[in-house]
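# What the coordinates show
What follows is each chain in one-letter form.
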Amino acid sequence: MKKVLGVIIVCSLSLFLSSCYTLKNASIPPALKTINVQFFENTAPLVVNNLSQTFTEALKDRIRTQSRLSISRGEADATMSGSITGYSIAPVSIEAVANNVAPIADANRLSITVKVKFVYDADKKINFDESFTRFANFRGDIASQEQNLIQEITKQLTEDIFNKAFSNW
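## Some details on the packing of helix α2 (residues 51–66) against helix α3 (residues 146–167)
- Relative orientation of the contacting elements α2 and α3 amounts to 45°, with a least axis distance of 9 Å. Taken together, the axis directions place α2 and α3 in an arrangement best described as oblique. α2 and α3 meet at a crossing whose hand is right-handed. Between α2 and α3, the contacting residues are L51, T54, F55, A58, L59, R62, I63 and Q66 on the first element and I150, Q151, T154, K155, L157, T158, E159, I161, F162 and F166 on the second.
- When its residues are assigned to classes, the contact of α2 with α3 shows 10 nonpolar, 5 polar and 3 charged.

This is the structure we're talking about:
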């Protein structure tokens, strides 16, 4: 009976303690309190009207909701800037068709590339200037799916950028 009670206590204690552990704000230096996220201009050869605004706001929202940092428009402890450098649609699989007709794309891939520069003068080890690319595959016409695909890819990109800047992943 004592062994069973001991096992139950150890298991309960380990579950309780593991639920107290969190990675949120894990690598944000204590002195870093504000960040200026500048507008990410779309310089890609293929331009979507609202992509710059959508991406910039999604990145700000990710930082606002996933960290203790305050977004600042002016002077801040750190700065994140950059541009959208790539927006492309390419076939990823080909569908065979009948006699002597050129094959057509069965599925396509939308890819977005963002170049990001993160500067924190107090700790230059965490600074970076890097490109991030994510994609989503789709079938059919892009027009009806484009905004949803952009949202999906933006979520992935902002997660990658956030992890690079604040979690050292």
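## Things to note about α2
- End to end, α2 covers 22 Å across 16 residues, agreeing with the expected 22 Å (1.5 Å per residue, within 8%).
- Three or more residues of α2 are buried, namely L51, S52, T54, F55, T56, L59, K60, R62 and I63.

Here is what the cut-offs are and how they apply
- Residue numbers run consecutively from 1 along every chain, following the written order of its sequence.
- Residue-level local features of this predicted model are given only where pLDDT is at least 70; pairs of side-chain atoms are given and counted only at 80 or more, and the full residue set underlies all totals for whole chains, interfaces and linings.
- Computation of side-chain values covers all heavy atoms of the structure but excludes hydrogens and water.
- Axis lines are fitted to C-alpha atoms, over the contacting stretch for helices. Their N-to-C directions set the angle, which ranges from 0 to 180 degrees.
- Where helices and strands are cited, they refer to DSSP runs of H or I of at least four residues and of E of at least two residues respectively, numbered from the N terminus.
- Angle categories: roughly parallel below 35 degrees, roughly antiparallel above 145, roughly perpendicular from 65 to 115, and oblique for all the rest.
- Each helix crossing is assigned a hand: it is left-handed if the near helix lies turned anticlockwise from the far helix by less than a right angle, otherwise right-handed if that turn is clockwise.
- Contacts are assigned to residue pairs with any non-hydrogen atoms lying within 4.5 Å of each other.
- Residues are grouped as follows: Ala, Val, Leu, Ile, Met, Phe, Trp, Tyr, Cys and Pro are nonpolar; Asp, Glu, Lys and Arg are charged; every other residue, Gly included, is polar.
- Multiply 1.5 Å by the residue count of a helix minus one, and that product is the helix's expected span.
- For the exposure calls, accessible area comes from a 1.4 Å probe over protein chains only, and a residue counts as buried if that area is under 20% of its type's maximum, exposed if over 50%, partly exposed in between.

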